[in-house]
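Commentary on secondary and tertiary structure
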Amino acid sequence: MTIVFAIVGRNLRMFFRDPMNVFFSLLGALILFGLYTLFLGNLQTADLADSLPGATEGEVQAFIDSWMFAGIVLITTVTTGMGGIAVLTDDGASGRFRDFLVSPVRRGQLVLGYLLAAAAVALMLSTFVLVLAVGYLGLLRGTWLPVGNVITAFAVVVLSCLAFTSLSAFIVTFVRTNGAFSALATIVGTVLGFIAAAYIPIGAFPETVADVVAALPFAQAGMLLRRQFSDGALATITADAPGAEEQLRLLYGLDLQIGDWTVTAWFVVAALVALTIVCTALSAVRIRSRIR
């Protein structure tokens, strides 16, 4: 394991010494934060406040912000894992694989080093963003999440990092050049907000599109995070509006439905665990085939 940890440390140093790689890893989260800060946040707050006359504008703003930050944390778990595996593409493009093959390092150790380093990058940056989100909501919006919610959100972040890093690792094994990886990272960072229902509430999508989005693991993991971030704020703004809470839970993705079937939390956990196992095995096979 000493060799594996040495490889992990080397991959982490290569990732963090490249500012552009870190930037692209956080691009999706930055886009979402910018959109809501400059444009979408005020629009959604105004519309929701008009439909809930019993809630103050500050309470509605706290709900919208908590919903937004849940999406930011979710996006970060995806994009940072992809950024962490970028070292694999760089090593392949620069020919470092040949150096590894003549060294006393087994391919299995290299594979494990790449995967663990990418997962570590995702977990560190996602945890950092989670702490920022909790602090922002508490300090600026006066909405401190209960300790139990924060712990549960962190558990969801860990599981999401593992699942989406393994998925990203499998996808990146098909990328051969640094330019192609940068293009892929930009596309993923931009599109992810839509397929995770972070830019627009899933209830605003056409029914067929909403079903497709709800069937994807990104929106499902986002559902778990939104429940921890937004349950309290949603209960506050709907206290004087009977029946509104159920409708808003569906509109903003705190509950997901695929057709007539309601997605359960345990199903999402099982799906993420299965995604982690399957994609880790596939990516390990693909990485071994790349190191030749």
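It should be noted that the structure appears before, not after, this text.
Note that this is a predicted model, so its numbers are computed, not measured. (Residues numbered from 1 in each chain as written. Predicted model: local features only at pLDDT ≥ 70, side-chain atom pairs only at ≥ 80, totals over all residues. Heavy atoms only, no water.)

**As for the overall build of the protein chain**
Within the protein chain, the regular secondary structure consists of 13 helices and two strands. Once the C-alpha set of the protein chain is aligned to its principal axes, its extents read approximately 70 × 40 × 35 Å. The burial tally for the protein chain puts 51% of its 292 residues in the buried class. Here the contacts in the protein chain between residues at least 6 apart in sequence split such that 82% fall between residues at least 24 apart. About 13,000 Å² of surface is accessible on the protein chain, with carbon and sulfur atoms providing 69% of the total. Taking the average location of the 16 positive side-chain charges in the protein chain and that of its 17 negative ones, the two points are 27 Å from each other. (Helix = DSSP H or I, 4+ residues; strand = E, 2+ residues; numbered from the N terminus. Buried < 20%, exposed > 50% of the residue type's maximum accessible area, 1.4 Å probe, protein only. Contact = heavy atoms within 4.5 Å. Areas by Shrake-Rupley, 256 points an atom, 1.4 Å probe, with all protein chains shown as cover. Lys, Arg positive; Asp, Glu negative; His and termini not counted. Charge placed at Lys NZ, Arg CZ, Asp CG, Glu CD.)

**Let's talk about the side chain of Arg 249**
Looking at where Arg 249 falls in the secondary structure, it is placed in helix H12 (residues 244-251). Ignoring sequence-local partners within four residues, the contact set of Arg 249 consists of Arg 227, Asp 231, Leu 234, Leu 254 and Asp 255.

**Topic: the pattern of salt bridges**
For the structure shown, the criterion picks out four salt bridges. Residues joined by salt bridges that share partners form a network here, namely Arg 227, Asp 231, Arg 249 and Asp 255. (Salt bridge = Lys/Arg side-chain N within 4 Å of Asp/Glu carboxyl O.)

Bear in mind that shape data such as this cannot, by itself, settle questions of function.
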